[in-house]
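Close look at the chain arrangement
Listed below are the residues making up each chain.
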Protein chains: 2
Amino acid sequence: MKKNILLAPGPTPVPPSTLLAMAQPIIHHREPEFKPIFSQCREGLKYLFQTEQEVIMLAASGSGAMEAAVTNFLSTGDKALFVNGGKFGERWGKIMKAYGCEPVELKVEWGQAVDPAVIEAALDADPSIRAVYMQASETSTAVAHPVKEVAAITGKRPGVFLVVDAITATGVFKLPMDEWGIDIIVTGSQKALMLPPGLAFIAWSEKADTFNKTSNIPRFYFDLALERKKHIDDQTAWTPAVSLLVGLRDVLNMIREEGLEKVHARTTRLAEATRAAVKAMGLKLFAPDSPSNALTAAVIPEGVDGLKVKKLLRENYGVTVAGGQDQAKGKIVRLAHLGYTDTFDVISAISALEMALVDAGHDMVMGAGVAKAMEILRRG
Amino acid sequence: MKKNILLAPGPTPVPPSTLLAMAQPIIHHREPEFKPIFSQCREGLKYLFQTEQEVIMLAASGSGAMEAAVTNFLSTGDKALFVNGGKFGERWGKIMKAYGCEPVELKVEWGQAVDPAVIEAALDADPSIRAVYMQASETSTAVAHPVKEVAAITGKRPGVFLVVDAITATGVFKLPMDEWGIDIIVTGSQKALMLPPGLAFIAWSEKADTFNKTSNIPRFYFDLALERKKHIDDQTAWTPAVSLLVGLRDVLNMIREEGLEKVHARTTRLAEATRAAVKAMGLKLFAPDSPSNALTAAVIPEGVDGLKVKKLLRENYGVTVAGGQDQAKGKIVRLAHLGYTDTFDVISAISALEMALVDAGHDMVMGAGVAKAMEILRRG
């Protein structure tokens, strides 16, 4: 018997009550019993996104909504700036290229956040740029990018819209769509929304809507204007992922009950404890200057094999974390603290990491990390 | 207390054991525990499709795979014939149009099957037609189209491939992909696969693959060549719908255990009983000549309001069936007998329909339908 603990930045653990809600007999999406579920999801998502716009629910993973954020708002040949500071930033460029747009890459060193002034300068230098695509939280590097500051820049330009991949940001930290003037927000179900993967979400501003009306990129399954028309009638264009929507209703109710600010505060506290604990055990943070509260990337000490640490975490302790991707492969482990996560998930993660490091041959005294986490997490 | 019975042609009921399998704690799709699940799904799908080709699993509903069947194989400006004998046939044309192809419509009267000779004549008349898109089972009319005969026609033409929407055909009746030479088959999770909606499947022949290699339509989320490369390594390009895949492994095992021929035979028996019962109660079949074994469309008698019958079925008896769409609205009810369905689902459907017809003011003696169904379903 070994309990498995999932502490990767998505899929994240699903609350048992939600798992059971989704295990109820399936209902039909064109019948009256679907309406209140869908309608509560619509309301809950508006609250979560902090928007008065309709939030579209797609039967797809987050990448589907990322594609929709390109194909429904840009046109062939359109220039769009994208912040490439990791695997997910890079994806914006790939999608634009696939659909015949002209991506303008803004490369940011892995582990660093984008400098809003560089975005402003790029927009000033090329007035033909139509949009800025970025991540609020770059999951591959554990960096939070300065969305509010970038939104202030794009907000002043009527011809430029801002697209934010908030897949590991929504429900993690403050990102009020309407208040900050974010034009398009994309998120997925398997992160702070505490659901299995299979649902993606997207909302857009009135400014972005004018671009939608002139966009000429072909689309069918991800036709957002059609979906919005259907959503307003508590329907979807294509068969929705009914069981996941039943779960969505459930987790959105949980978030509303706890209150978004409290959810953010809880996540922040867990993030701060994790970061402090990682430093207390003598490790460096991969994103020291602008860390995302969704996850913490700890740099594996010189001479220790990061892939081995990740393997030992799983094999010796049943703890699943994420490793590094591409240039960070074998160099970092990423510990998640978003969604259905609390004090003892962090304590477990830190203690498992300390033990696995020693197992991997790292010379250290165990306990400093856990003690630091306890110091922050104790409710006095 | 009223038990609800779902007898619509999708979503269909999910076996309780599968619901509970999907309620297990979520696992991570990039970790070793995912591999055997995915690998068993791959094998089970090949058996289900009766193909040696890879069957791709998409996090999307069936319409997503229909889109993929257009965007991955046709090119802009390509002519393709599509059989429009109902709502789903019509959809092929819409997708082609959205992506700049030239759909050639072959209209078929609702309730009728396409005549293969007409397809052959159309292909002879216009050698620039690249493909034939059709339904194996047109869910809106309860018609089965003659796939085998059409495949024999396209099979003789190296420049023409055949695409079959088998969303309510796979796991319902015989449709051996390789043996019949069907080039592309598309299906979804919420029909005979007995799962919630949210997964779509597509496989293609070597002939179709040559078209994939030259297809110029932009695609990203539904990039089948990329997905196939990933699938072979037991992976997916984007985050898969993990919990639904756990359910998929489960239902595919059930189907293999029962045996595909027995699944087809069971469904056929239920379909025959339903059709005979509908006729025994004095109703006509909407698709008398080439009915699909997935579902039966019963024509509501003159003077009776079909919408009211459907409503009474739900309100008085807790039975959910499908009504008619578009030109068939209010004129038919559609009773499903695919997937997780057995004798007493049919008995319930027929008895509910008899009672609801009387409730709606139809002058008839109840019991003839049920008696006929029992005659066929009794195991002597």
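Here the structure is a predicted model, which means the values were calculated and not measured.

Cut-off values and rules
Residues numbered from 1 in each chain as written. Chains lettered and ligands numbered in written order. Predicted model: local features only at pLDDT ≥ 70, side-chain atom pairs only at ≥ 80, totals over all residues. Pairing = 2+ DSSP bridges. Helix = DSSP H or I, 4+ residues; strand = E, 2+ residues; numbered from the N terminus. Axes fitted to C-alpha atoms, helices over the stretch in contact; angles between N-to-C directions. Contact = placed C-beta atoms within 7 Å. Nonpolar A, V, L, I, M, F, W, Y, C, P; charged D, E, K, R; others polar. Least-squares fit on C-alpha atoms with pLDDT ≥ 70 in both. Core = buried A, V, L, I, M, F, W, Y, C linked by C-beta atoms within 7 Å. Buried ≥ 20, exposed ≤ 12 C-beta atoms within 10 Å, placed from the backbone. Domains from an automatic or database assignment. Expected span 1.5 Å × (residues − 1).

A word on the sheet that holds strand β4 (residues 102–107) of chain A. Paired through their backbone hydrogen bonds, the strands of a sheet run either parallel or antiparallel. All names here are of chain A. Pairing in this open sheet of seven strands is mixed, and the strands run β2-β10-β9-β8-β5-β3-β4 from one edge to the other. Of all the strands in the sheet, just β2 (56–59) and β4 have a single pairing partner and so form its edges. Between one strand axis and the next, the sheet turns by 20° as a mean value, whatever way the strands run. Each of β3 (79–84), β4, β5 (129–135) and β8 (161–165) is contacted by helix α4 (residues 87–98), which is oriented at about 155° to β3, the strand it contacts most.

A few words on the interface of chain A and chain B. On the chain B side, the residues contacting the 40 residues of chain A number 40 residues. Secondary structure elements with two or more residues in the side of chain A that touches chain B: α1 (16–22), α3 (62–71), α4 and α10 (242–258) of chain A. Examining the composition of the side of chain A that touches chain B, we find that four residues originate from one element, α3(A), more than from any other. Of the residues that constitute the side of chain A that touches chain B, the class distribution is 26 nonpolar, 11 polar and three charged.

Glancing now at the relation of the copies chain A and chain B. Note on the identical chains: chain A maps onto chain B by a rotation of 180° and an axial translation of 0.0 Å, with an RMSD of 0.0 Å. When the rotation and shift are considered jointly, the pair of chain copies conforms to a two-fold rotation axis. Within chain A, the C-alpha atom positioned nearest to the axis of rotation is that of Ala60(A), 2.4 Å from it. Comparing contact sets, 100% of the residues at the interface of chain A also lie at the interface in chain B, consistent with an isologous, same-surface contact.

Before going further, it helps to examine the nonpolar core. Membership of the largest hydrophobic core comes to 271 residues, with the highest contact counts inside it found for Ile184(A), Ile202(A), Ile184(B) and Ile202(B). Among all residues touching Ile184(B), those that are not within four sequence positions of it are Ala69(B), Phe73(B), Phe161(B), Val163(B), Val164(B), Ile202(B), Trp204(B) and Ala208(B).

Turning next to the environment of Ile129(A). All names here are of chain A. Summarising the element assignment, Ile129 is placed in strand β5. Note on Ile129: 20 C-beta atoms within 10 Å, which makes it buried. Taking C-alpha positions, Ile129 is 9.3 Å from Pro103, a pair spaced 26 residues apart along the chain. In this view, Ile129 contacts Lys79, Ala80, Leu81, Val104, Ala122, Leu123 and Val160; residues no more than four positions away in its chain are not counted.

Moving on: the domain arrangement of chain A. Residues and elements named next belong to chain A. Partitioning chain A into structural domains gives domain 1 (16–258) and domain 2 (260–377). Summarising the inter-unit geometry, the C-alpha centres of domain 1 and domain 2 are found 28 Å apart. Tallying the contact residues gives 26 residues for domain 1 and 24 residues for domain 2. Broken down by secondary-structure element, the contributors of at least two residues to the side of domain 1 that touches domain 2 are α2 (34–49), β7 (143–144) and α10. Residue composition of the side of domain 1 that touches domain 2, grouped by class: 14 nonpolar, eight polar and four charged.

Structurally, the position occupied by Gly181(B) is in the loop between α7 (177–180) and β9 (184–188). Apart from residues no more than four positions distant in its own chain, Gly181(B) is found in contact with Ala151(B) and Gly155(B).

For an α-helix the count is 3.6 residues per turn, leaving residues at separations of three or four pointing the same way. All names here are of chain B. An ideal rise of 1.5 Å per residue puts 16 Å on 12 residues; helix α12 (residues 306–317) measures up with 16 Å between its terminal C-alpha atoms. Restricting attention to buried positions, one finds in α12 the residues Gly306, Val309, Lys310, Leu312, Leu313, Arg314 and Tyr317. Taken together, the buried residues of α12 touch β13 (319–320), β14 (322–323), β15 (332–336) and α13 (343–359). Within two residues after α12, Gly318 carries a phi angle of roughly 70°, on the positive side.

A word on the sheet that holds strand β4 (residues 102–107) of chain B. All names here are of chain B. Strand order in the open sheet formed by seven strands is β2-β10-β9-β8-β5-β3-β4, with mixed pairing between adjacent strands. The open sheet is flanked by β2 (56–59) and β4, the only strands paired with a single partner. With direction set aside, neighbouring strand axes in the sheet form an average angle of 20°. As paired strands, β2 and strand β10 (residues 199–204) are joined by four bridges and run antiparallel to one another. The residue bridging Ala59 from the neighbouring strand is Leu199, located in β10. Set on the sheet, helix α6 (residues 147–155) makes contact with β5 (129–135) and β8 (161–165); between it and β8 the angle comes to about 160°.

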